[in-house]
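Working through the structure, step by step
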Amino acid sequence: TPGEMDVEINIYNILGQRITTINKGLLQGGTYNVTWNGRDDMDRSISSGVYFYEIKAGGKFQKIKKMTLLK
C-alpha cells in the first residue's frame, strides 16, 4: 500500500550507544503513541536520565529527539 512504511524506533544513551530497538512494523501514515518500558535489549532496567530516540520510517523519514526517563 502506498501509505504504509516500516517504522523502527531506536533508543540511545547519552554516549550514543543503542539501548534498544522498538520495531512497530508496517504502519499507515498518521499519529501514534509508543511506550518504552525503560528496559534494554537484555531486559535489564535502565536508570533515569537523558536518552535519545531515533524514528525511522522506510527510507524516507528519520528524526532524532531527546527525552528524559524518570522512574
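Reference entry: report on the structure contained in this document. Just so you know, these numbers come straight off a predicted model, no measurement behind them.

**Here's the deal with the pairing of strand β4 (residues 61-69)**
Across nine bridges, strand β3 (residues 49-57) lies against β4 in antiparallel orientation. Paired with Phe52 across the strands is Lys66, a residue of β4.

**A look at unusual backbone geometry**
The backbone of Asp43 sits at a positive phi, close to 65°, despite the residue not being glycine. Examined against the element boundaries, Asp43 turns out to sit in the loop between β2 (18-28) and β3.

**Structural notes on the pairing of β2**
Pairing geometry for strand β1 (residues 4-12) and β2, over nine bridges, is antiparallel. The partner of Glu8 across the bridge, within β2, is Asn23.

**Topic: the sheet that holds β2**
As a general point, the strands of a sheet are linked pairwise by backbone hydrogen bonds and lie either parallel or antiparallel. Across the sheet, which stays open at both edges, the four strands sit in the order β2-β1-β3-β4 with antiparallel pairing between neighbours. If you trace the sheet from one side to the other, it starts and ends with β2 and β4, each paired once. Averaged over neighbouring strand pairs, the angle between their axes works out to 20° when direction is ignored.

**Quick word on a nonpolar patch on the surface**
Together, Ile14, Leu15 and Val50 make up a nonpolar patch on the protein surface, roughly 310 Å² of accessible area in all. Take Ile14: it is sitting in the loop between β1 and β2.

**Some words on the nonpolar core**
By size, the foremost hydrophobic cluster in this structure holds eight residues: Ile9, Ile11, Ile19, Ile22, Trp36, Ile46, Tyr51 and Leu69. Within the residue set of this core, elements represented by two or more residues are β1 and β2. Among residues more than four places away in sequence, those in contact with Ile19 are Ile11, Tyr12, Asn13, Trp36, Arg39, Asp40, Asp41, Ile46 and Tyr51.

About the criteria used
Residues numbered from 1 in each chain as written. Predicted model: local features only at pLDDT ≥ 70, side-chain atom pairs only at ≥ 80, totals over all residues. Heavy atoms only, no water. Pairing = 2+ DSSP bridges. Helix = DSSP H or I, 4+ residues; strand = E, 2+ residues; numbered from the N terminus. Axes fitted to C-alpha atoms, helices over the stretch in contact; angles between N-to-C directions. Patch = residues over 30% accessible without salt bridge, like charges linked within 9 Å, V, L, I, M, F, W, Y side chains within 5 Å. Areas by Shrake-Rupley, 256 points an atom, 1.4 Å probe, with all protein chains shown as cover. Salt bridge = Lys/Arg side-chain N within 4 Å of Asp/Glu carboxyl O. Core = buried A, V, L, I, M, F, W, Y, C linked by side-chain atoms within 4.5 Å. Buried < 20%, exposed > 50% of the residue type's maximum accessible area, 1.4 Å probe, protein only. Contact = heavy atoms within 4.5 Å.

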